Amino acid sequence: MKWKKDSHLDSIDSIHKSLQLKPITSMKNFFISSSSAPHENYCIPISAVSKKGLGFGLNIRVARFLRSYPSFFEEFTGLLYNLPWIRLTQKAIELNKEEKMIYEDFKDDILGRLRKLIFMSGGRKVIPLKVIKGLHWYLGLPNEFCEDPSNYLKGNECFRIVDIEVGLKGLAVFEANDDKVDGKFLSLMQKNAMKKGLYGGGADEAISFPLFPSKGVRLKQKINDWLTEFQCLPYVSPYDDFSFLKPDSDLSEKRVVGLLHELLSLFVEHAAERKAFLCLRKCLCLPQKIHKAFERHPHMFYLSMKNKTCTVILKEAYCDELTIERHPLAEIRKKYIDLMKESVSILRNRRLNGRRAFD
């Protein structure tokens with residue numbers, strides 16, 4: 001199947017700007033946790049963070065990075081030794097307060113999405129903590145979870161930190177009857193099919209995946225025939241037992257595609273870098289060539305090549321927004337991106353003012 005560019009999906013800022021936003025919010029969280037003077041807009045000397053670039057995923061100098069986003073970080077001269085200091089802008093502080101309120105108000109929803117991810121891991125219902133922390137940006141987990149998971153989950157009986165092997169901790173989850181319908185968990189596909197009257201809850205019932213062909217994408221006739229047969233196969237929920245499936249069968253592929261659909265529906269932007277799925281292969285029993293599932297189903301998944309990386313986008317989330325519930329953090333991240341764009345105009349005005357002063 002030939003890859004076809006989709007200008008609409010390539011222009012969604014909430015997806016493609018999030019790669020730039022991720023280190024900004026990580027740096028913002030560092031300022032808040034490190035500064036002892038919130039009344040002074042969480043100011044710290046630039047020397048306290050200048051050697052920590054690799055920890056934030058930066059490949060440029062930290063000072064240059066901070067000065068690239070004046071809408072978030074404001075530089076000033078300290079009182080002692082005239083050294084440069086950095087503090088958060090008032091707009092960044094206000095957005096951080098709004099984000100914190102969302103984490104508090106929608107904590108149950110965010111943890112519910114985390115539970116669903118762990119339930120996809122099969123009978124053990126446990127995923128290594130390092131894998132979950134690596135996906136915290138896509139899952140929308142707060143910074144407090146990454147710093148101390150046991151303290152953040154304190155009082156929640158559904159989760160428990162366990163030892164998987166020597167030196168490896170995992171997060172296990174336990175079943176709750178209020179999450180079940182007729183004794184089993186339902187995926188988003190099953191719930192939407194039930195609403196339309198296309199699914200009755202049977203074990204071997206077929207559910208067709210929603211397809212959204214991009215403009216200009218044409219499949220060969222033999223592929224169209226295979227896709228028609230593929231849609232008629234029984235739907236295997238990502239929360240059900242799949243040990244009876246043959247690894248190379250079409251039914252096994254339908255289970256993998258259904259799992260990827262459910263997984264992307266849990267993420268904040270309903271999209272993720274393709275390499276992020278590699279760490280989930282062993283945990284969710286995915287095939288080694290997981291990228292083939294995205295390439296073989298271009299009507300469900302779109303592969304964007306922007307920002308020198310490959311990003312997987314769930315088409316249904318942007319072509320039929322009524323079928324997938326928006327993540328609570330989606331709106332606040334859009335506000336962060338709008339604030340990030342203000343840095344461009346601030347830097348442009350500084351350059352213009354500098355030229356005028358020189359003239």
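Residues numbered from 1 in each chain as written. Predicted model: local features only at pLDDT ≥ 70, side-chain atom pairs only at ≥ 80, totals over all residues. Heavy atoms only, no water.

**Overview of the overall build of the protein chain**
Inclusion rule: To qualify as a helix, a DSSP run of H or I must reach at least 4 residues; to qualify as a strand, a run of E must reach at least 2; elements of each kind are numbered from the N terminus. The globule rule used for comparison is 2.2 Å times the number of residues to the exponent 0.38, while the radius of gyration itself is calculated over C-alpha atoms. Note on contacts: a residue pair is in contact if any heavy atoms of the two residues lie within 4.5 Å. Residue burial considers only the protein chains on display, and all accessible areas are found by Shrake-Rupley using a 1.4 Å probe.
Of regular secondary structure, the protein chain possesses 16 helices and nine strands. For 359 residues, the compact-globule estimate of 2.2 N^0.38 gives 21 Å, and the protein chain sits close to it at 23 Å. With the C-alpha coordinates of the protein chain rotated into their principal frame, the extents come out at 75 × 50 × 35 Å. Contacts in the protein chain between residues far apart in sequence, at least 24 positions, make up 66% of those at least 6 positions apart. For the protein chain, the accessible surface area stands at approximately 19,800 Å², while carbon and sulfur atoms represent 51% of it.

**Overview of the sheet that holds strand β3 (residues 84–88)**
Definition in use: Between any two strands, pairing holds if DSSP finds at least two bridges. For helices, the axis comes from a line fit to the C-alpha atoms of the stretch in contact; other axes are also lines fit to C-alpha atoms, and the angle between any two N-to-C directions lies between 0 and 180 degrees.
What the three strands build is an open sheet, ordered β1-β3-β2; its pairing is antiparallel. Since the sheet does not close on itself, it has two edges, and those belong to β1 (44–45) and β2 (73–77), each with one partner. Across five bridges, the pairing between β2 and β3 is antiparallel. Residue Thr 77 lies in a different strand from β3, and its bridge partner there is Pro 84. Helix α3 (residues 18–34) rests against β1, β2 and β3 of the sheet, and its axis sits at about 105 degrees to β3.

**Observations concerning the domain arrangement of the protein chain**
We count it as follows: These domain limits were set by an automatic method or by a database of domain assignments. Buried area: the sum, over both parts, of the accessible surface (1.4 Å probe) that disappears when the two are put together. N or O atoms closer than or at 3.5 Å make up a polar contact, with two conditions inside protein: a donor-capable atom paired with an acceptor-capable one, and, for residues adjacent in sequence, both atoms drawn from side chains. In this classification, the charged set is Asp, Glu, Lys and Arg, the nonpolar set is Ala, Val, Leu, Ile, Met, Phe, Trp, Tyr, Cys and Pro, and all remaining amino acids, among them Gly, are polar.
Domain boundaries assigned for the protein chain yield domain 1 (13–88 + 331–357), domain 2 (107–179) and domain 3 (181–326). If you average the C-alpha positions of domain 1 and of domain 3, the two centres end up 38 Å apart. Listed per partner, the contact involves eight residues of domain 1 and twelve residues of domain 3. Approximately 830 Å² of surface area, both sides summed, lies buried where domain 1 meets domain 3, with 56% of it carried by carbon and sulfur atoms. Broken down residue by residue, the surface that domain 1 buries against domain 3 is led by Ile 15, His 16 and Leu 19, which jointly contribute 64%. Applying the counting criterion to the domain 1 and domain 3 interface returns two residue pairs in polar contact (both at pLDDT 80 or more). Only α2 (13–16), α3 and α16 (330–358) provide two or more residues apiece to the side of domain 1 that touches domain 3. When the residues that make up the side of domain 1 that touches domain 3 are grouped by side-chain class, the tally is two nonpolar, three polar and three charged.

**What to know about the sheet that holds strand β8 (residues 301–304)**
Here three strands make up an open sheet; going across it, the order is β7-β9-β8 and the pairing antiparallel. Each edge of the open sheet is held by one strand with a lone partner, namely β7 (271–273) and β8. Across the sheet, the axes of successive neighbouring strands diverge by a mean angle of 20 degrees, strand direction being ignored. As paired elements, β8 and strand β9 (residues 311–314) share four bridges and run antiparallel to each other. When the bridges of β9 are listed, Phe 301 appears paired with Leu 314.

**Details of the packing of aromatic side chains**
Test applied: Side-chain rings of Phe, Tyr and Trp, where Trp is taken by its six-membered ring, are said to pair if the distance between their centres is within 6.5 Å; with planes under 30 degrees apart they count as stacked, over 60 as edge-to-face, and otherwise as tilted. Charges are assigned to positions over rings by a cutoff of 6 Å between ring centre and Lys NZ or Arg CZ, combined with an angular limit of 35 degrees from the ring normal.
The tally for this structure, following the rule as stated, stands at 13 aromatic pairs. A ring pair is formed by Phe 209 and Phe 230, whose centres lie 6.3 Å apart and whose planes are at 25 degrees; its orientation type is stacked. Note that Phe 209 is positioned in the loop between α11 (188–195) and α12 (221–231) and Phe 230 in helix α12, a separation of 21 residues in sequence. The rings of Phe 31, Phe 72, Phe 73 and Tyr 336 are connected pair by pair, giving a single aromatic cluster. Stacked on the ring of Tyr 152, the Lys or Arg Lys 107 has its end atom at 4.5 Å from the ring centre. The ring of Phe 230 carries the charged tip of Lys 254 above its face, separated from the ring centre by 5.9 Å.

**Regarding the layout of surface pockets**
Our working definition: Using only the protein atoms, space was sampled on a 1 Å grid; points where a 1.4 Å probe fits but cannot get out form cavities, open sets with protein on both sides within 12 Å along at least five of seven lines form pockets, and lining residues are those with an atom within 4 Å of a point. Grid points are joined across faces, edges and corners, and a volume is the space filled by probe spheres set on the points.
In this model, the second largest pocket occupies a volume close to 540 Å³. Lining the second largest pocket are 24 residues, with Lys 116, Leu 188, Lys 191, Leu 266 and Glu 325 sitting closest to its centre. Elements supplying a minimum of two residues to the lining of the second largest pocket: α6 (107–119), α11 and α13 (250–266). Considering every element that reaches the lining of the second largest pocket, the biggest residue donor is α6, with seven residues. Its residues assigned to classes, the lining of the second largest pocket shows nine nonpolar, five polar and ten charged. Shared between two domains, the lining of the second largest pocket holds at least three residues of each, these being domain 2 (107–179) and domain 3 (181–326).

**Digging into the nonpolar core**
Applied cut-off: Here, nonpolar core refers to any group of buried Ala, Val, Leu, Ile, Met, Phe, Trp, Tyr and Cys residues whose side-chain atoms link them within 4.5 Å. Each residue gets one of three labels from its accessible area relative to the maximum for its type: buried under 20%, exposed over 50%, partly exposed in between, using a 1.4 Å probe on protein chains only.
Met 27, Leu 66, Phe 72, Phe 73, Leu 114 and Leu 284 are the most contacted members of the largest nonpolar core, which has 102 residues in total. With sequence-adjacent residues up to four places away left out, Phe 73 is seen in contact with Ile 24, Met 27, Lys 28, Phe 31, Leu 66, Ile 86, Arg 87, Leu 88 and Thr 89.

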